[in-house]
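Summary of structural features
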Amino acid sequence: MKLKKLTDQNLDSNLKELVAGEREILAEIILHIIEVETRKLYLKLGFASLFEYLTQHIGYANGSAQRRIDAARLAMVVPKVVGDLESGDLNLSQVSLLQKSIRAVQSESKTKVDQKTKEDLVNLLSNKSFAESEILVSQVLDITPAEVTKITNQKDESVRLQVTLSKSQWEKLLKMRELLSNSMPSGISNWDQVLEYAADKIIKLKDKSQGKQKSENQNQNLKPHHTSEPSSSKARQHIPISIRRQVFQRDQCCQYLNKTTGKKCESKWHLHIDHIQPLWADGSNELENLRILCAGHNQQVYRWQANINNHS
Ligand SMILES: [Zn+2]
């Protein structure tokens, strides 16, 4: 093979050249993604979001898609990002870190990080390592290490749990996941499955050691769920991909009608599929029962349906 005959020096310089070419293509890809975003092309093609379009249609893995979206969004505010990615002064991991931190700060403080700060950060991260970047971003955005455990109840009764772990606690969890993924035939990799499996084990163990037989009902809960079929209610919540596509292709924007003006919202931001007749009220996953709503109207409609009073 030709490569085998290359001198060390040529091998090294060839690789450098290839990588420079790769960065050039990356910059070009980011510009294309910006254009797709600007035209909202993904909606025309039947995808809910840029992320779905890049993963399901273009074929990027989730992480790769998210990093490129982060780069595109940042570049829309700070255009020099594209050039920095091309020259290699900045890489995708740094950009992603930056965007993730900005999002966190914005949702925490409910204030926007301004363009000037973003520009400063982009300049500051130039040619820095990832670890250095992490520290710089935390300092500039004044991010204090999160220590509180946060539990958020979500509308389908699932729970979002955020926990901060020490290095050694985290390493223990990683070890546990590694052991489980090696020993399970189906392979466990998601944290919800790992935690459920561990919980099942401990509950079973405690149950046995107490020598008590619990009621039939409770025993059922001890069966591990991770290998079984999704429960019927979960299956019902899942809208088939082909139907999702059709809904997005048909609606393309928020279908909410203003009660007084009769005008359609038509927002194209953060679109969700809404069940006109809710699932819990025996609504179906049929095309006719589905529509697109923006995040705000989705929540508003949900509040009405669930008859939750707004206390504020
Ligand atoms: Zn709307």
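Everything below is about the structure shown above.
The text that follows walks through the structure, step by step, so that each part is easy to find. (Residues numbered from 1 in each chain as written. Predicted model: local features only at pLDDT ≥ 70, side-chain atom pairs only at ≥ 80, totals over all residues.)

When you go through the protein chain residue by residue, the secondary structure sums to 14 helices and 4 strands. Taking all 312 residues of the protein chain together, the buried fraction comes to 17%. The contacts in the protein chain between residues at least 6 apart in sequence include a share of 54% that link residues at least 24 apart. (Helix = DSSP H or I, 4+ residues; strand = E, 2+ residues; numbered from the N terminus. Buried ≥ 20, exposed ≤ 12 C-beta atoms within 10 Å, placed from the backbone. Contact = placed C-beta atoms within 7 Å.)

Across the interface, helix 7 (residues 115-125) lies against helix 8 (residues 130-140) with an axial gap of 10 Å and an inter-helix angle of 155°. Considered as vectors, helix 7 and helix 8 are oriented roughly antiparallel to each other. Both helix 7 and helix 8 take part in a crossing whose hand is right-handed. On the side of helix 7, the interface is formed by Thr117, Asp120, Leu121, Leu124 and Leu125, while helix 8 contributes Ser133, Leu136, Val137 and Val140. (Axes fitted to C-alpha atoms, helices over the stretch in contact; angles between N-to-C directions. Parallel < 35°, antiparallel > 145°, perpendicular 65-115°, else oblique. Left-handed = near helix turned anticlockwise from the far one by under 90°.)

What follows deals with the environment of Ala281. With respect to the helices and strands, Ala281 occurs in the loop between strand 3 (271-275) and strand 4 (290-294). When the C-alpha positions of Ala281 and Gln305 are compared, they lie 9.6 Å apart, and in sequence the two are 24 residues distant.

Here we take up the nonpolar core. In this structure, Ile30, Ala71, Leu74, Ala75, Val81 and Leu98 are the most contacted members of the largest nonpolar core, which totals 37 residues. It is helix 4 (residues 62-77) that contributes the most residues to this core, 6 residues altogether. Split by domain, this core shows at least three residues from each of two domains, domain 1 (2-140) and domain 3 (235-306). Discounting residues that sit within four places of it in the chain, Ile30 has contacts with Arg68, Ala71, Ala72, Ala75, Val82 and Leu85. (Core = buried A, V, L, I, M, F, W, Y, C linked by C-beta atoms within 7 Å. Domains from an automatic or database assignment.)

Okay, the packing of helix 1 (residues 8-39) against helix 4 next. Where helix 1 contacts helix 4, the two axes come as close as 9 Å, and the packing angle between them is 75°. The orientation of helix 1 with respect to helix 4, classified from their angle, is roughly perpendicular. Contacts between helix 1 and helix 4 involve Ile29, Ile30, Ile33, Ile34 and Glu37 from the first element and Arg68, Ile69, Ala71, Ala72, Ala75 and Met76 from the second. Here the contact of helix 1 with helix 4 is composed, by residue class, of 9 nonpolar, no polar and 2 charged. (Nonpolar A, V, L, I, M, F, W, Y, C, P; charged D, E, K, R; others polar.)

Attention now goes to unusual backbone geometry. One non-glycine residue with positive phi stands out, namely Lys110, at about 60°. Relative to the elements of secondary structure, Lys110 occurs in the loop between helix 6 (92-109) and helix 7. Of note, the phi angle at Glu266 is positive, near 65°, even though the residue is not glycine. By secondary structure assignment, the location of Glu266 is in the loop between helix 13 (241-251) and strand 3.

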